[in-house]
Structures are given as C-alpha cells and as structure tokens.
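Chain by chain, the residues run as shown.
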Amino acid sequence: MLLLSRFLLGSEENPDAVRDNSQRESISTSDNHDNSSNSKRHSSASDDGWRASIARIPGVPYLRERALALLQLMKGTPRHPICPHRHGCLHYVVTGLLKMFGVGLLAQSTIKLMSSMSLLRRRPSQVLRSLVSMHNMGLGAFLGLYCALFRAVNCALRWLRGEDSAAHGFVGGLAAGAAMIFYKSITVSLYSCAKLMEILYFKGIESGHLPHIPWADVLIYAFSTAFVFHAAVFEPHALRSAYWKFLLRVTEGKFAGMNRRLLDGFGTKSSQLYPNYWPQYDTRFTQLSPNTDLSSLYR
C-alpha cells in the first residue's frame, strides 16, 4: 500500500515540488495568457449552460454555498510550520479525501458505462441507478480514505514529533492500507506488494546492503511468465477469467485444445473447465479413447 502514496500524495507533501510548482506557474502564466483568453471565450457559453442547469436543481446552490464556506473555514485551521501544504491541516486532509473520492467515482462510473452500453440503450434508468449505488462508490471510498488517512497520519506525526521524516510516510502507508476494506481487490494488493518489494530491493542496492544482479528484471519476468503458463496448462481454473480469455484470444484457442484429462491424475483438476473435451487421436500412434482407464497411466 505504500506505493500508492506517490499518486495520492499530491505535490504538497514535497516542499521542493511546491517551490517548483510556484516557479513553473509564474513562468507559464505569461505564455498561457493569450491561449487561455481564447479558450475561455469559446468555453464560456457551454460552461454557463451546464452551470445554469445544475443551479436550477433544488437545493444545489445552497449546498454548494455551504460547502465552499466550510472549505474556506477549514483553510484557517492550524497548520504546523514544517507542513509543506499551504493551508490548514484539516483542509489538507479533507480536500484530499474529496478529490480522490471524485477520481475513483469517475473511474468506476466510466468502467460501468463502458461495460453496460447495450443495457444503457434498453434500460437507461437501471444503469443510472447502479452508478449511484454503494457498490459503485467502493473505489472512490478506497482512494479518498487512503489519501485522507495518509495525510492525516503525516500531519499528526509532524505535530507530535516536531519534525518531518521519511518514516512518517511508512507509518502513514500502513495506516492508509485499512482503506482497502472498501475495495477488496486481490489485484491491487498483489501489485502493491510486488512493487514494494521492487522498491525495497533497489533501495537496498543504493545503500549497499544488497547485491546488484545483472538482468534481474529480465530473469524475474521470464520466471513469472513461465509460472503463469504452467498454471494455464495444469490449473486454468485457478487463473482469472479475464486473463484466461486473453490467453485463448492470443493463441486462437490453442490453450483450450489440450487433453487435460490426462493431467487429472496429478490431482490438479486440470480438466475442470473442459471435463468432456477429448481430441481426435491418430489411431496409428495411440489407442487412447474417452473410455480408456486413465488411472493405469499413473501406476
């Protein structure tokens, strides 16, 4: 889970990034002034249209006004002198929560819409209801809470210890990992764990505690691919269905054309996906048939 911190932190966790951003903003202001003025004229009409439509929804102007007032109030909350963010710590945590929740909700909704295009034409109301369901907010809740917990722990440790340290990120990442309760993804967990091991290995090389192995990335990739392909032969039912379909697509179905009933004797249940598949053998070379007692092959 520590790996996600780089994406969820934002530039404010890095003082150098804050200074660099301010310098880039001052340099690019004059360059972008002419372009922005032209784009603003073209987009102002469309922006006014959808904003007016949203403003006509009952309660929206009031909620927007109250939310902006609350965020403005949070800017004045206490901020530790060594905290790299510009406003109060509470504002820093809440804005991170809202921003990443919006990113996750948008990503999940986009995936949902892309996978439901046919249903959207037939029953659009059902798709729209699913977009606002609690299940669709899982990714947003995970990203938002992860960011909020990470930032909150970092700020709290700065207040408690009176200093900034890389160890704060380690503690914050561990605490933020609890956010996965809203998005229990084995893929995200395994990927984060693998990348963490990779980062720790390279850190060990830099510090001189671990040896540098030439072509280690190539060897690891080759071993990983061989491991997955071995599983695709002996235990295709153990693979993710999306990856199994990918293998069938790139091999034009040849991965499914194996007589895995011959491998069942090893106790791997290899033929679980295709229990009745039996290829047409050339009788000049073998007398095996679907009625053959295969247990005799393993004696």
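See above for the structure.
The shown structure was predicted, so the numbers you read here are calculated from the model rather than taken from an experiment.

Reading guide: rules and limits
Residues numbered from 1 in each chain as written. Predicted model: local features only at pLDDT ≥ 70, side-chain atom pairs only at ≥ 80, totals over all residues. Heavy atoms only, no water. Helix = DSSP H or I, 4+ residues; strand = E, 2+ residues; numbered from the N terminus. Buried < 20%, exposed > 50% of the residue type's maximum accessible area, 1.4 Å probe, protein only. Contact = heavy atoms within 4.5 Å. Areas by Shrake-Rupley, 256 points an atom, 1.4 Å probe, with all protein chains shown as cover. Axes fitted to C-alpha atoms, helices over the stretch in contact; angles between N-to-C directions. Parallel < 35°, antiparallel > 145°, perpendicular 65-115°, else oblique. Nonpolar A, V, L, I, M, F, W, Y, C, P; charged D, E, K, R; others polar. Patch = residues over 30% accessible without salt bridge, like charges linked within 9 Å, V, L, I, M, F, W, Y side chains within 5 Å. Salt bridge = Lys/Arg side-chain N within 4 Å of Asp/Glu carboxyl O.

**Student:** Describe the overall build of the chain, with residues and values.
**Tutor:** Per the secondary structure count, the chain includes 11 helices and zero strands. When the helices and strands of the chain are read in sequence order from the N terminus, they spell out α-α-α-α-α-α-α-α-α-α-α. Sorting the 299 residues of the chain into buried and exposed places 26% on the buried side. In the chain, 57% of the contacts between residues at least 6 apart in sequence involve partners at least 24 apart. Of the roughly 20,800 Å² of accessible surface on the chain, a fraction of 64% belongs to carbon and sulfur atoms.

**Student:** Got a sec to walk through the packing of helix H10 (residues 216-234) against helix H11 (residues 241-250)? Specific residues and values, please.
**Tutor:** Running from N to C, H10 and H11 cross one another at 90 degrees; their axes reach a closest spacing of 12 Å. Between H10 and H11, the crossing angle belongs to the class labelled roughly perpendicular. For the pair formed by H10 and H11, the contact residues are Val228, Phe229 and Ala232 on the first element and Tyr243, Trp244 and Leu247 on the second. When its residues are assigned to classes, the contact of H10 with H11 shows six nonpolar, no polar and no charged.

**Student:** Give a description of a nonpolar patch on the surface that names residues and reports values.
**Tutor:** A cluster of nonpolar side chains, contributed by Ile213, Trp215, Val218 and Leu219, occupies part of the molecular surface with about 460 Å² of accessible area. Along the chain, Leu219 turns up in helix H10. Assessed through its relative accessible area of 53%, Leu219 is described here as exposed.

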